[in-house]
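Spelled out from the first residue to the last, the chains are:
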2 protein chains.
Amino acid sequence: MGSEKKIPYKIYLDETEIPQYWYNVRADMKNKPAPLLNPGTLQPMTAEELSGVFCEELVAQELDNENAFIEIPKEIRNFYKMYRPSPLVRAYCLEEKLGTPAKIYYKFEGNNTSGSHKLNSAIAQAYYAKKQGLKGVTTETGAGQWGTALSMACAYLELDCKVYMVKVSYEQKPFRREVMRVYGASVTPSPSETTQIGKKILAEHPGTTGSLGCAISEAVEVAVSNPGYRYVLGSVLNQVLLHQSVIGLETKAALDKYGVVPDIIIGCAGGGSNLGGLIAPFMGEKLRGEKDYRIIAVEPASCPSFTRGKFAYDFADTGMVCPLAKMYTLGSDFIPSANHAGGLRYHGMSPVLSQLYDDGLMEAVSVKQTDVFEAAELFARVEGILPAPESSHAIRVAIDEALKCKETGEEKTIVFGLTGTGYFDMVAYEKFHEHQMEDYIPTDEELAKYAAKLPKVE
Amino acid sequence: MGSEKKIPYKIYLDETEIPQYWYNVRADMKNKPAPLLNPGTLQPMTAEELSGVFCEELVAQELDNENAFIEIPKEIRNFYKMYRPSPLVRAYCLEEKLGTPAKIYYKFEGNNTSGSHKLNSAIAQAYYAKKQGLKGVTTETGAGQWGTALSMACAYLELDCKVYMVKVSYEQKPFRREVMRVYGASVTPSPSETTQIGKKILAEHPGTTGSLGCAISEAVEVAVSNPGYRYVLGSVLNQVLLHQSVIGLETKAALDKYGVVPDIIIGCAGGGSNLGGLIAPFMGEKLRGEKDYRIIAVEPASCPSFTRGKFAYDFADTGMVCPLAKMYTLGSDFIPSANHAGGLRYHGMSPVLSQLYDDGLMEAVSVKQTDVFEAAELFARVEGILPAPESSHAIRVAIDEALKCKETGEEKTIVFGLTGTGYFDMVAYEKFHEHQMEDYIPTDEELAKYAAKLPKVE
């Protein structure tokens, strides 16, 4: 498997090696992701329709299924230089602790103040908004990583930033909110009285602690009803996966330097932004028949859209103001149990990844959160990095695969995405330590109830 | 001023360039730091006496005023590879924002889970404890960075770690405590009922929220009364400055690569560990008459040991169980106002830095915390990194010096130490945003009261 150059603990690329082009995996897909549908007419959304919600250049990226490479503007690359290239780490200490012959690598995206990979798309979306001459952008945030990333990008470009934060997170994570305020964002707990849809949801569910789907509806409403504003989203969309391809491109460049070819690539999957970005160039090779890789999406057992959802058109938000997307979904009303810690709580999944999964090009597994936190703590102790709960889903499965290698003696090369740090998730770690963390797995009946409400399309 | 090679945003060294030797600035000092004194006899502490409290190899390092280079054991260098070399960043965005002709660089030590430079000495001290066959170590922590760092090092080496955390921090920063628990440390709020000195202090001051000096006393008591334990300290001591010299050595190596020679070197100073480490090789050149640099220590106006303290022998701790050190001190009873956010609250200062300052080899300035947070927020928005309150003291003065250059048109090169991140300090940021942060500057009368209680030595 390639040359035997001594591999350092951390493979850093030079800043001149930051990718000059994003890679658009859709160009190499035989079966393209299904188009977004207008929620009123159920017809494919036109660029014109979409540009009421999104910036024009981002609409073009959203709809572009043909161009494999899209140039990264110089201004965005300059911003990337503040925290990229991110390190690809050889997990020597974890390998030793596990006693596995497997070789484990992780791409660490947590080395920036937003604490995650979300910044890669935040700066891109903010840049195009600025270029279009807009005053500001609106968005939603759940665990808070995306909101923080967008606040940072907007502060840098001096754009206004309005964040709707799922109420339960707003209350449980005051420090996340405060970081966004350092970056000048206004943060509103959702549902709120500031929007029509927020008022409606509050009237119907007075005690609700909010959901991502609801916060999306509010943010979209504010964007479309305020001149000079557009809505931006941190995951799910094709454009977001495109921007996140820098993760995979850097990973591949770093591995190529040492002649390393992965056998297994693992990423956590909520809306799919990190996983889609990490696997992009590898999936491209697979689609073009040049190489083969095992690619594994890891999702929480409490929100199992890939493993137990339907591949169908569904609403992207609770308020049904957003376009419909064809994706693996649990139904737009589905909200994971309050027991569930951290992100990865979206009811659907990236249409790109959904199509790839449906075509048998990748696998998916779901894991229980107590198993996830056990892996997180082991990882923190031996590798030094305190991981985000989301990222720890990938750690769990990377460890499981490495332990299988220990049994079989196979020297597989495993690469996983370490999307971020868990510094703002210590309440969840505390619950784990105090043995108060519970696992929740929805029943078949429960999932069927939500699935029955999927919109009838096609 | 050297070659005109294009300087990247971040200068990363290769992991093979991690220093192989710590640099001991004492070897080049004409006036050596004064010896530690036995608190009972007021005679210089012998190695034997010190080894009841500290590990043997660390005692040797503490007393070594002769050897300029001390080899870094391979095991420690391997640990360093998990997060070092740390980046030296060219602050292009900050320079542009300020409109200054100055060239600003910062050495960023926050890229590890402990969130600060403290890990550099934590792993060294834990390593020697392990090598000596000890069961564990005890320590104190204030803001929590040192406790976190030591917990990480001990988890890695499978050593027990008992941390006494200043009560007010324990209560205000539950998440810091929780991070230490992820790494398996036991964390006790100080003063506590677990020690004689703790009981005594609680009896005398029932409502006390604790102090560093008090937590030190408790940690030392536990170390000397439990077989197989020693005490470790995160700052002030000669050995700590020695370990932290990796910061300065890497900084110098990175600058040398591009032929850059700094004019001004700036660091925040509490006990002096970061500043002492950052300036070490530069001060060495200055002591040997090879080069000259302006070196500036920045301390909080609320705890101004350099700028308003006495250079005298004083107790290192409240309980007076530790050796006496000759240092700039405000008196061992001095506790900065509760208004003061973050660390940099120790009453004394590194004996090495105290001697260098007294010899006129460096400057010191004190700054108000509202000015510090203003600089912190500006920095966060343009450079992307949310800085720790401590580190932001250095940012404040770096900005002030850069603005002077703007007035004079001088293209000075400024290097400062960005010691860590502020993710666990959001309460302080919130106070700043809400305009509830107050500045407190002790009066001359107040300081005189503490100074009058300094022990009579010499």
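Along each chain, residues carry numbers from 1 onward, in the same order as the chain's sequence is written. As a convention, the first chain written is A and the first ligand written is 1, with the rest following in written order. Totals for whole chains, interfaces and linings use every residue, but because this is a predicted model, local features are given only for residues with pLDDT of at least 70 and side-chain atom pairs only at 80 or more, for both listing and counting. Note: side-chain values were computed over all heavy atoms of the structure, leaving out hydrogens and water.

1. Some thoughts on the overall build of chain A
Note the following rule: Helix and strand labels come from DSSP, where a helix needs a run of H or I of at least four residues and a strand needs a run of E of at least two; each type is numbered from the N terminus. In this description the radius of gyration comes from C-alpha coordinates, and the expected globular size is given by 2.2 Å times residues to the power 0.38. Burial here depends on accessible area, computed with a 1.4 Å probe over protein chains only, as a share of the maximum for the residue type. Under 20% is buried, over 50% is exposed, and the range in between is partly exposed. Only heavy atoms enter the contact rule, under which two residues are in contact if any of them lie within 4.5 Å. Working definition of accessibility: Shrake-Rupley area with a 1.4 Å probe, residue cover restricted to the visible protein chains. His is not counted, nor are the chain ends, whereas Lys and Arg count as positive and Asp and Glu as negative. For charged residues, the charge sits on one atom: NZ in Lys, CZ in Arg, CG in Asp, CD in Glu.
When helices and strands are tallied, chain A shows 18 helices and 15 strands. What you see for chain A is a C-alpha radius of gyration of 20 Å, in line with the 23 Å of a compact globule of 458 residues. Principal-axis analysis of the C-alpha atoms gives chain A an extent of 60 × 50 × 45 Å. Within chain A, the proportion of its 458 residues that are buried is 68%. Across chain A, contacts joining residues at least 24 apart in sequence account for 77% of those joining residues at least 6 apart. Per element, the accessible surface of chain A, about 15,700 Å² overall, is 50% carbon and sulfur. Averaging the positions of the 47 positive and the 58 negative side-chain charges in chain A gives two centres separated by 2 Å.

2. Topic: the relation of the copies chain B and chain A
Each of the two copies of the chain can be brought onto the other by a rotation about an axis and a shift along it. Formally: Here the copies are matched by least squares. The fit uses the C-alpha atoms of residues with pLDDT of at least 70 in both.
Once turned by 180 degrees and shifted 0.0 Å along the axis, chain B lies on chain A with an RMSD of 0.0 Å. One copy is carried onto the other by what is essentially a two-fold rotation axis. No C-alpha of chain B lies nearer the rotation axis than that of Asn 111 of chain B, which sits 3.2 Å from it. When you check the interface residues of chain B against chain A, 100% turn up at the interface there too, and the contact is symmetric in its surfaces.

3. Structural notes on the interface of chain B and chain A
To keep it simple, the criterion reads: A simple way to read buried area is as the amount of 1.4 Å-probe accessible surface that goes missing from two parts once joined, with both sides added. Note on definitions: salt bridges are taken to be side-chain nitrogens of Lys or Arg within 4 Å of carboxyl oxygens of Asp or Glu. In protein, a polar contact requires one atom able to donate a hydrogen and another able to accept it; more generally it is a pair of N or O atoms within 3.5 Å, and residues adjacent in sequence count only if both atoms are side-chain atoms.
Taken residue by residue, the interface counts 44 residues in chain B and 44 residues in chain A. In total, chain B and chain A occlude about 4,000 Å² of area from one another, counting both sides; carbon and sulfur atoms represent 57% of this. Sorting the residues of chain B by area buried against chain A places Phe 175, Val 182 and Tyr 423 of chain B first, and these three jointly supply 17% of that buried surface. Glu 158 of chain A is paired through a salt bridge with Lys 97 of chain B; the nearest N and O atoms lie 3.3 Å apart. The interface formed by chain B and chain A holds 27 residue pairs in polar contact (both at pLDDT 80 or more) in total.

4. Some thoughts on the pattern of salt bridges
Applying the stated criterion to the full structure yields 58 salt bridges over all chains. In this structure, the salt-bridge partner of Arg 177 of chain A is Glu 430 of chain B, at a minimum N-O distance of 3.3 Å. With Arg 177 of chain A in helix H8 (residues 174–182) and Glu 430 of chain B in helix H17 (residues 426–433), this residue pair bridges two chains. Residue classification places Glu 430 of chain B among the partly exposed residues on the basis of a relative accessible area of 23%. For Glu 285 of chain A, the salt bridge identified is with Lys 291 of chain A, shortest N-O distance 3.5 Å.

5. Digging into the domain arrangement of chain A
Residue and element names in this part refer to chain A. Spelled out, the test is: Boundaries between domains were set according to an automatic or database domain assignment.
Split by domain assignment, chain A resolves into domain 1 (4–20 + 84–115 + 244–451) and domain 2 (34–71 + 117–231). Across the boundary between the two partners, domain 1 contributes 35 residues, which contact 34 residues of domain 2. For the pair domain 1 and domain 2, the summed buried area comes to about 2,800 Å², and 62% of that belongs to carbon and sulfur atoms. For the domain 1 face of the interface with domain 2, the top three residues by lost area are Ser 114, Pro 323 and Phe 424, together amounting to 22%. Linking domain 1 with domain 2 are 1 salt bridge, by the criterion used here. Close ionic contact of Asp 425 with Lys 173 constitutes a salt bridge, the shortest N to O distance being 2.8 Å. Our enumeration of links across domain 1 and domain 2 arrives at 14 residue pairs in polar contact (both at pLDDT 80 or more). For the side of domain 1 that touches domain 2, the secondary-structure elements that each account for two or more residues are helix H11 (238–257), helix H12 (273–287), strand S12 (310–315) and strand S13 (324–329).

6. Regarding unusual backbone geometry
Residue Arg 84 of chain A is joined to Pro 85 of chain A through a cis peptide bond whose omega torsion reads -15 degrees. Of note, Pro 85 of chain A is situated in the loop between helix H3 (74–80) and strand S4 (88–90). In this structure, Pro 191 of chain B follows Ser 190 of chain B across a cis peptide bond, with omega equal to 5 degrees. Summarising the element assignment, Pro 191 of chain B is placed in the loop between strand S8 (186–190) and helix H9 (196–204). At Glu 158 of chain A, a residue that is not glycine, the phi angle is positive and equals roughly 55 degrees. When you line up the elements, Glu 158 of chain A lands in the loop between helix H6 (145–157) and strand S7 (160–166). Positive phi is not limited to glycine here, since Leu 344 of chain A has a value of about 55 degrees. Topologically, Leu 344 of chain A is positioned in the loop between S13 and helix H14 (351–358).

7. Remarks on the packing of aromatic side chains
Condition: Two rings from Phe, Tyr or Trp (for Trp, the six-membered ring) form a pair when their centres are within 6.5 Å of each other. A pair whose planes differ by under 30 degrees is stacked, one over 60 is edge-to-face, and the rest are tilted. The criterion for a charge sitting over a ring is simple: Lys NZ or Arg CZ within 6 Å of the ring centre, and within 35 degrees of the ring normal.
Under the defined criterion, the tally for this structure stands at 41 aromatic pairs over all chains. When the centroid spacing of 6.2 Å and the interplanar angle of 90 degrees are considered together, the rings of Tyr 80 of chain B and Tyr 83 of chain B count as edge-to-face. A centroid spacing of 4.9 Å and a plane angle of 10 degrees characterise the contact between Phe 311 of chain B and Tyr 328 of chain B, whose relative ring orientation is stacked. You can see Phe 311 of chain B sitting in strand S12 (residues 310–315) and its partner Tyr 328 of chain B sitting in strand S13 (residues 324–329), a full 17 residues away along the chain. Taken together, Phe 79, Tyr 80, Tyr 83 and Tyr 156 of chain A form an aromatic cluster joined through their ring pairs. The positively charged end of Arg 177 of chain B is found above the aromatic ring belonging to Tyr 170 of chain B, 5.0 Å away from the centroid.

8. Quick look at the confidence of the model for chain A
Using the following cut-off: Values of pLDDT, ranging from 0 to 100, describe the predictor's confidence in every residue of the model.
For chain A, the average pLDDT comes to 95, and 99% of its residues sit at 70 or higher. Across the assembled chains, the prediction reports ipTM 0.93 with pTM 0.95.

9. Some points on the packing of helix H5 (residues 119–131) of chain A against H6 of chain A
Residues and elements named next belong to chain A. The criterion, for reference: In this description, a line fitted to the C-alpha atoms serves as the axis of each element, helices being fitted only across the stretch in contact, and the angle between N-to-C directions of two axes falls anywhere from 0 to 180 degrees. Here the word oblique covers every angle except those under 35 degrees (roughly parallel), over 145 (roughly antiparallel) and from 65 to 115 (roughly perpendicular). Crossing chirality is assigned from the near helix's rotation relative to the far helix, an anticlockwise turn below a right angle marking it left-handed and a clockwise turn marking it right-handed.
The contact between H5 and H6 brings their axes to 8 Å, and the two run at 40 degrees. As judged from the angle between their axes, H5 and H6 are oblique. The element H5 and its partner H6 pack so that their crossing is right-handed. Only Trp 146, Ala 149, Leu 150, Met 152, Ala 153, Cys 154, Tyr 156 and Leu 157 of H6 make contact with H5, whose side of the interface consists of Leu 119, Ser 121, Ala 122, Ile 123, Gln 125, Ala 126, Tyr 127 and Lys 130.

10. Thoughts on the state of the cysteines
Residues and elements named next belong to chain A. Inclusion rule: Criterion for a disulfide: a pair of cysteine sulfur atoms within 2.5 Å.
Taken as a whole and judged by the stated rule, the model has 0 disulfides over all chains. Of all cysteine sulfurs, the one in Cys 161 lies closest to Cys 154, which takes part in no disulfide; the gap is 4.1 Å. Residue Cys 154 is classed as buried on the basis of its relative accessible area of 1%.

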